[in-house]
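Each chain, letter by letter, is given below.
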Amino acid sequence: MTLTRIAALLLAAGACSATAEAATPPDSLVMAWNIDAISTWDPAQIGEVVTSEIYSNTCDTLVDFDPGDEKKVVPSLASNWDVSPDRRQITFHLRDNLTFADGTPATAGDLAWSLQRVVKLGYGNAATITDYGFNKQNVDNTITAPDDRTLVFKLDKPYPTTLILQAIAANNVSSLLERKKVEKEAVNGDMGHTYLTTHTACVGPYQLTRWNAGEGVMLQAVDRYWGGQPPLKRVLIRHVAETGTQRRLVTQGDVDIARDLSADDLKTLDEGNKVKVSKVLKPQLFFWTFNNEDPIFKNEKVRLTMRYLIDYDGLAKSVMLYHGVPRASFVQIGAFGALDDRAGQPFKLDLDKAKQLLTEAGYPQGFSATVYFGTLPHSAPIAQSVQQNAAKIGVKLTLERMANAQLFSKVRGREFQSAMMAWQTSVPDAYGNASRLVFNPDNDKNARATQYPSWRAAYFDSELNKKVQTAVMEPDDAKRVAPMPICNKRSCKKVRWRSCSRCTARRESIRF
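These numbers come from a predicted model, not from an experiment. (Residues numbered from 1 in each chain as written. Predicted model: local features only at pLDDT ≥ 70, side-chain atom pairs only at ≥ 80, totals over all residues. Heavy atoms only, no water.)

Honestly, the state of the cysteines in this entry has me stumped. Any pointers?
Put plainly, two cysteines are in a disulfide when a covalent bond ties their sulfur atoms together. Per the stated rule, a full pass over the model turns up one disulfide. Cys 59 shares a disulfide with Cys 202; S-S distance 2.0 Å. Across the S-S bond of Cys 59 and Cys 202 the torsion is about -70°, and the bridge reads as left-handed. Of this pair, Cys 59 sits in the loop between helix H1 (49–58) and strand S3 (63–66) while Cys 202 sits in the loop between helix H7 (193–196) and strand S9 (206–212), and the two are 143 residues apart along the sequence. A relative accessible area of 8% means that Cys 202 is categorised as buried. (Disulfide = S-S within 2.5 Å. Helix = DSSP H or I, 4+ residues; strand = E, 2+ residues; numbered from the N terminus. Buried < 20%, exposed > 50% of the residue type's maximum accessible area, 1.4 Å probe, protein only.)

What follows is the structure, encoded as structure tokens:
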């Protein structure tokens, strides 16, 4: 399944870290990381890559991904599960020894409430559950706990079971919250949202003991964890925004891991043989998104023009050498429905093509626009590269750098012309990104569907919405994975078909 047209992609970001021997005690870990994007620890609302990774190492989910094959799910909170013959009910059997950090028994009732809570609060992550027929009106009857060890999903349609497990069960929304504690901390009926903005209260190997915005995060191992005592007693994540400072800290042994080094830093460390540089692809993309409400960028040919201003190959060999691979398909490498390397990267830097499209779009003399970007180490050099290429065809791009939290706030409020930022999916299936990057449930600005990059970009195509919804219900995997037929309209063949698809690269989170 290939779905198109939303915003232009730059490069898929890869996870990269540098490690060195340090004076840290053997049962502890100290990490330097730019964590200015963290704004909440509530699984109903977490939308940042950084927060999601830390939370997934802190709180367990119903099932998890197989580290050896990300398309497979394996037991976690649930030891096993049953699927009804008609695929309209999934029954999960929880482990017997689940407890919260203080030793209080955790039950299926707590987990059912945790999932219901996400739907009822209605923040962005609710879509992870409501995609499969659950809503505020029916969730109390469709996600239930008949006893302390059994959780039942009742579905309105026979959705692909594996996809549901990937999307819901192996996602932050299925973390098992301590209902009594969270409800006790509730303020004005917020179901504990204010409390969970700064705390965790879940079943998992670690507990958040401290978070100071702009300073750091401290995680402490849980003694009564069902999976056994974690080998690391504590994890300290220091907020370090500057890549040069991170490099100095890791080479001096003041931190064990540095997460945001530049390609030049990594190359120097790699060749020095004193620090181990580890790389692994992850389903995270670094993309350029355009506000379709903007008078300039609502023009599809203008957006396509921007594609040909990106020097994919040059950036891959320089700025992104240790950080990612060029790819313009929104389905990540290794996922169900992914295009191969060649089909997934049909674009290259072409100023003549860009100038031609710009003229066809009605801007032969170019235009001026603003690009927002955040504090990722590759953001500025990528933005500058595109700015230089744009100037050659008469397009003046003004670059504005800001903290990641501020960037996310502006984009989620549609208060931007264009922006460069990261996006990540935990679902190794084409539907994972199609349902967020292409599908838009409601384009009204008041809908506030902030967890949909399609909504943020004010991109809406009812025909593609239907195709996404049809594809997810296709029971035949061979048909579901097949490319979408090319539109017969001449304009679609020239502009839409495979012209604005998006990309990711495979991910394996760092596990503490």
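Anyway, onward from the coordinates.
Just checking my understanding: could you explain the pairing of strand S6 (residues 89–94) for this structure?
Regular strands show a simple pattern: their side chains alternate between the two faces of the sheet. Two elements, strand S5 (residues 78–83) and S6, share five bridges in a ladder whose sense is antiparallel. Residue Trp 81 lies in a different strand from S6, and its bridge partner there is Phe 92. Joining the antiparallel neighbours S5 and S6 is a turn of five residues, in which Arg 87 adopts a positive phi near 60°. Relative to strand S8 (residues 150–154), S6 is paired through five bridges, and the arrangement is antiparallel. Pairing of His 93 across the sheet is with Thr 150, part of S8. (Pairing = 2+ DSSP bridges.)

Would you mind going over the confidence of the model for the chain with me for this structure?
Residues shown with low pLDDT carry predicted positions that ought not to be read at fine detail. On average, residues of the chain score 87 in pLDDT, and 89% of them are at 70 or above. Below a pLDDT of 50 lies the segment residues 1–22, which in the model reaches 150 contacts outside its immediate sequence neighbourhood of four places, other chains included. In the model, residues 486–512 has pLDDT below 50 throughout and makes 111 contacts with residues more than four positions away in sequence or in other chains. (pLDDT = per-residue confidence, 0-100. Contact = heavy atoms within 4.5 Å.)

How do you make sense of the pairing of S8 when you look at a structure like this?
Counting buried positions along S8 gives four out of five residues, so the element sits mostly inside the fold. Sheet topology note: the strand S7 (residues 143–147)/S8 ladder contains three bridges and is antiparallel. In the strand pairing of S8, Ile 143 is matched with Phe 153. In textbook terms, the turn of a hairpin is the stretch between consecutive antiparallel strands, and for S7 and S8 this stretch comprises two residues.

Quick question: what am I supposed to make of the packing of aromatic side chains here?
On inspection of all chains with the given rule, the structure shows twelve aromatic pairs. With a centroid separation of 5.1 Å and 70° between ring planes, the pair formed by Phe 92 and Phe 153 is classed as edge-to-face. Within this pair, whereas Phe 92 is found in strand S6, its partner Phe 153 is found in strand S8, the two being separated by 61 residues in sequence. The exposure classification of Phe 92 matches that of Phe 153, with both residues buried. Grouping aromatic residues by their ring pairs yields a cluster made of Trp 288, Phe 290, Phe 297, Tyr 363 and Phe 367. The lysine or arginine in question, Arg 259, covers the ring of Trp 33, its NZ or CZ lying 4.1 Å from the ring centre. Positioned over the ring face of Tyr 452 is Arg 436, at 4.7 Å from the centre of the ring. (Phe/Tyr/Trp six-rings, centres within 6.5 Å; stacked < 30°, edge-to-face > 60°. Lys NZ or Arg CZ within 6 Å of the ring centre and 35° of its normal.)

Sorry if this is basic, but what is going on with the environment of Gly 374 here?
Secondary-structure assignment places Gly 374 in the loop between strand S15 (368–373) and helix H13 (379–391). Judged by its relative accessible area of 2%, Gly 374 falls in the buried class. Between the C-alpha atoms of Gly 374 and Asp 36, which are 338 residues apart in sequence, the distance is 9.9 Å. With near-sequence residues (within four places) excluded, Gly 374 lies in contact with Ser 379, Arg 401, Met 402, Asn 404, Leu 407 and Met 420.

Explanation requested: the sheet that holds S5 in the structure shown.
Sheets are built from strands paired through backbone hydrogen bonds, the pairs being either parallel or antiparallel. Reading across the sheet, the four strands line up as S5-S6-S8-S7 and stay open at both edges, with antiparallel pairing between neighbours. Either end of the sheet is taken by a strand with one partner, and the two such strands are S5 and S7. Averaged over all adjacent pairs, the angle separating strand axes in this sheet is 25°, with direction ignored. The sheet contacts of helix H2 (residues 108–121) involve S6, S7 and S8, and relative to S7 the element is tilted by about 170°. (Axes fitted to C-alpha atoms, helices over the stretch in contact; angles between N-to-C directions.)

Where do I start with the packing of helix H15 (residues 430–438) against helix H17 (residues 462–472) in this structure?
Two measures define how a pair of helices packs: the angle their axes make with one another and the distance between the axes. Relative orientation of the contacting elements H15 and H17 amounts to 160°, with a least axis distance of 10 Å. Overall, the two elements H15 and H17 adopt an arrangement that is roughly antiparallel. For the element pair H15 and H17, the recorded crossing hand is left-handed. For the pair H15 and H17, the contacting residues are Tyr 431, Ala 434, Ser 435 and Val 438 in the first and Leu 464, Asn 465, Val 468 and Val 472 in the second. Taken together, the residues that form the contact of H15 with H17 break down as six nonpolar, two polar and no charged. (Parallel < 35°, antiparallel > 145°, perpendicular 65-115°, else oblique. Left-handed = near helix turned anticlockwise from the far one by under 90°. Nonpolar A, V, L, I, M, F, W, Y, C, P; charged D, E, K, R; others polar.)

Hey, could you run me through the nonpolar core in this one?
Side chains that are nonpolar tend, in soluble globular proteins, to be buried together. Of all hydrophobic cores here, the largest spans 99 residues; its most connected members are Leu 62, Ile 129, Tyr 132, Ile 143, Leu 151, Phe 153 and Val 217. The greatest single-element share of this core, amounting to eight residues, is contributed by H2. Aside from chain neighbours lying at most four places away, what touches Leu 62 is Ser 76, Leu 77, Ala 78, Phe 92, Leu 94, Leu 111, Leu 151, Phe 153, Ala 169 and Ser 174. Core analysis: the next-biggest nonpolar cluster, separate from the first, contains 33 residues, Trp 288, Ile 296, Phe 347 and Ala 354 among them. (Core = buried A, V, L, I, M, F, W, Y, C linked by side-chain atoms within 4.5 Å.)

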